[in-house]
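Given next are the chains, with one letter for each unit.
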Amino acid sequence: MDILTSRMQAVQSPIIPVVGELIRNCPGTISLGQGVVYYAPPQEAIAQISQFLAVTENHQYKSVQGIAPLLEVIETKLTSENDIKVNNKNCIVVTAGSNMAFINAILAITNPGDEIILQTPYYFNHEMAIAMASCRPVLVATDENYQLIPEAISQAITKKTRAVVTISPNNPTGVVYAEEALRRVNQICRDRGIYHISDEAYEYFTYNGVKHCSPGSFTESSEHTISLFSLSKAYGFASWRIGYMVIPQHLLASVKKIQDTILICPPVISQYAALGALQVGASYCRGYTKAIAVVRELMLNSLQEIEDLCTVAPADGAFYFFLKVHTKLNAFELVERLIREYRVAVIPGTTFGMDDGCYLRVAYGALQQETAAEGIERLVKGLQAIISSPKG
């Protein structure tokens, strides 16, 4: 019997496995697709595993909110690095990655049919989570450089709006939102009685002296701001599935219900590893971001060779460039041809909500310099050949 729920039929399929299958079918493909880093967790994180194993009761369920030592280290980090003060109006919840933090937030603040404002291009898992919660994503365009347009956000708010989502540094564009724009969005949310969900998974990945800003640090923001963080990028922790969220205190009971139902508790072994990583601190990540910055410059220089074929918006964060390709080909067809004919993989912009042209997300955090140079060379050659052909 083939019975599908209409709710899940409406949710887009994740693109990463689809592109992954294309890569597997074309051996030797260099992936500029998935957003991961090339380096492993710090040894201090691995060393914590023996501490975890030394205590028998660690194999049992622990606090749904997170183990106390990790919560303490996170609080210290938030105060010193993000200027977010944990007080009687907010609190920390450890999660299985920031994707889980996002669905926790959506389920806690919405009823079916409610609206969540996303900026386009959006992060596809955010759009998917909103649909899974039987809510409606309301898409608001960013400007030509993918920066926020606070006036457009304000105009998109209705009686059903429950939150505005911002991602900075941004996935998929690599843009870092201006502090003043984030302040205006946060104030709009406060004035209109809705939440500001701030995804900050790429907080340490900024370049050219650009600074990351946490909306949770703004004055009187604690009761309407939900801040999401992840160890996946900064500490090479992608498969450990560990992150955390800072939420208004009044949402804690709801978030604990959600997390207890879905997860019971964040994986304790990963929490121990996270404790070791956060004790090392941001200096670990920043040592590697210098190498990523070199790859970034290499990639940017190569893309300038084809500026007549595609537009690359300024991007001072994360490890992505978002290309608008001047072609009538649809994005997925172009991705397929790049993999099949030139053995280089990128992600189509349609999965990020951009269907008014041909867009590609190019990721550069997963590769060291030599491989990245080969990958971008293939991409440039492929785009030149495909777009210049009669069918391009």
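The model shown is predicted, which means the values in this text are computed figures rather than measured ones.

**Some details on the overall build of the protein chain**
Stage number 1. When helices and strands are counted, the protein chain shows 13 helices and 13 strands.
Stage number 2. Taking 392 residues into account, the globule formula puts the C-alpha radius of gyration at 21 Å, and the protein chain, at 21 Å, falls close to it.
Stage number 3. Per-residue burial over the protein chain gives 57% buried out of 392 residues.
Stage number 4. Long-range contacts, defined as pairs at least 24 residues apart, comprise 78% of the intrachain contacts of the protein chain with a sequence gap of at least 6.
Stage number 5. For the protein chain, the accessible area works out to roughly 16,700 Å², and carbon and sulfur atoms hold 50% of it.
Stage number 6. The average position of the 31 basic charges and that of the 36 acidic charges among the side chains of the protein chain differ by 4 Å.

**Structural notes on the side chain of E115**
Stage number 1. With respect to the secondary-structure elements, E115 resides in strand β3 (residues 115–120).
Stage number 2. Take E115: its relative accessible area is 7%, and that puts it in the buried class.
Stage number 3. Here R136 takes part through its side chain, which lies 2.9 Å from a polar atom of the side chain of E115.
Stage number 4. Here E115 is in contact with R136, V138, T158, K160, T161, R162 and A163, once residues within four sequence places are set aside.

**Comments concerning the packing of helix α5 (residues 98–109) against helix α6 (residues 124–132)**
Stage number 1. The geometry of α5 relative to α6 is characterised by a closest axis approach of 10 Å and an angle of 35° between their N-to-C directions. Of the two possible hands of crossing, α5 and α6 adopt the one that is right-handed. Across the interface between the two elements, N99, F102, I103 and I106 of α5 pack against N125, H126, A129 and I130 of α6.
Stage number 2. Along the lines of polarity and charge, the residues of the contact of α5 with α6 split into five nonpolar, three polar and no charged.

**Considerations on the packing of aromatic side chains**
The geometry of an aromatic ring pair comes down to the distance between the two centres and the angle between the two planes.
Stage number 1. Enumeration over the complete set of coordinates arrives at 20 aromatic pairs.
Stage number 2. When the ring of Y284 is compared with that of Y288, the centres are 5.2 Å apart and the planes differ by 65°; the resulting orientation is edge-to-face. With a gap of four residues between them, Y284 and Y288 both fall in helix α11 (residues 282–303), about one helical turn apart.
Stage number 3. Owing to a relative accessible area of 15%, Y284 belongs among the buried residues under this scheme.
Stage number 4. The interplanar angle of 55° and the centroid separation of 5.2 Å between the aromatic rings of F319 and Y320 together place this pair among those described as tilted. For the pair formed by F319 and Y320, the shared burial category is buried.
Stage number 5. Among the aromatic residues, those joined into a cluster by ring pairs are Y123, F124, Y146, F322, F352 and Y359.

**Quick look at helix α2 (residues 15–24)**
Stage number 1. Here α2 has its buried residues at I15, I16, V19 and G20. Projection of α2 onto a plane perpendicular to its axis shows the buried side chains occupying an angular sector of 135°, all on one side.
Stage number 2. Tucked inside the fold, the buried residues of α2 contact α6, α12 (331–342), β11 (344–345), β12 (347–348) and β13 (358–363).

**What to know about the sheet that holds strand β5 (residues 161–167)**
Stage number 1. Read across the sheet, seven strands follow the order β2-β8-β7-β6-β5-β3-β4 without closing on themselves; strand pairing throughout is mixed. Every interior strand has two partners, whereas the edge strands, β2 (90–95) and β4 (136–141), have only one. The sheet shows a mean angle of 20° between the axes of neighbouring strands, taken without regard to direction.
Stage number 2. As defined by bridge partners, β3 adjoins β5 across three bridges and the pair is classed as parallel. Bridge pairing in β5 places E115 opposite T161.

**A look at empty space enclosed by the protein**
Stage number 1. The final tally for this structure, using the stated rule, is two cavities of 30 Å³ or more.
Stage number 2. By volume, the largest cavity is sized at about 50 Å³.
Stage number 3. What lines the largest cavity is simply L118, Q119, P121, Y122, Y123, H126, V165, T166, I167, N170 and Y177.
Stage number 4. At the level of elements, β3 and β5 are the ones that each hand at least two residues to the lining of the largest cavity.
Stage number 5. The leading source of residues in the lining of the largest cavity is β5, at three residues.
Stage number 6. Looking at side-chain class alone, the lining of the largest cavity contains seven nonpolar, four polar and no charged residues.
Stage number 7. When its volume is computed, the second largest cavity comes out at roughly 40 Å³.
Stage number 8. Considering the residues around the second largest cavity, the lining is formed by I84, N90, G216, S221, S222, T225, S227 and V246.
Stage number 9. Among the residues making up the lining of the second largest cavity, the classes are represented as two nonpolar, six polar and no charged.

**Details of the environment of P348**
Stage number 1. You can see P348 is positioned in strand β12.
Stage number 2. The class for P348 is buried, based on a relative accessible area of 1%.
Stage number 3. Residues P348 and A253 lie 95 residues apart in sequence; the distance between their C-alpha atoms is 39 Å.
Stage number 4. In contact with P348, other than residues within four places in its own chain, are I15, V19, A331, F332, V335, Y359 and L360.

**Comments concerning helix α9 (residues 252–262)**
Stage number 1. The complete set of buried residues in α9 reads L252, V255, I258 and Q259. Seen from one end, α9 has its buried residues packed into an arc of 130°, which puts them on one side. Exposed side of α9, more than 90 degrees from the buried face: A253, K257 and T261 are the residues found there.
Stage number 2. A positive phi of about 70° marks I264, the residue just after α9.

Rules of the game
- Residues numbered from 1 in each chain as written.
- Predicted model: local features only at pLDDT ≥ 70, side-chain atom pairs only at ≥ 80, totals over all residues.
- Heavy atoms only, no water.
- Helix = DSSP H or I, 4+ residues; strand = E, 2+ residues; numbered from the N terminus.
- Rg over C-alpha atoms; globule rule 2.2 N^0.38 Å.
- Buried < 20%, exposed > 50% of the residue type's maximum accessible area, 1.4 Å probe, protein only.
- Contact = heavy atoms within 4.5 Å.
- Areas by Shrake-Rupley, 256 points an atom, 1.4 Å probe, with all protein chains shown as cover.
- Lys, Arg positive; Asp, Glu negative; His and termini not counted.
- Charge placed at Lys NZ, Arg CZ, Asp CG, Glu CD.
- Polar contact = N/O pair within 3.5 Å; in protein donor to acceptor, adjacent residues only side chain to side chain.
- Axes fitted to C-alpha atoms, helices over the stretch in contact; angles between N-to-C directions.
- Left-handed = near helix turned anticlockwise from the far one by under 90°.
- Nonpolar A, V, L, I, M, F, W, Y, C, P; charged D, E, K, R; others polar.
- Phe/Tyr/Trp six-rings, centres within 6.5 Å; stacked < 30°, edge-to-face > 60°.
- Arc of directions from axis to C-beta.
- Pairing = 2+ DSSP bridges.
- 1 Å grid on protein atoms, 1.4 Å probe; cavity = no way out; pocket = protein on both sides within 12 Å on 5 of 7 lines; lining within 4 Å.
- Points joined across faces, edges and corners; volume = space filled by probe spheres on them.

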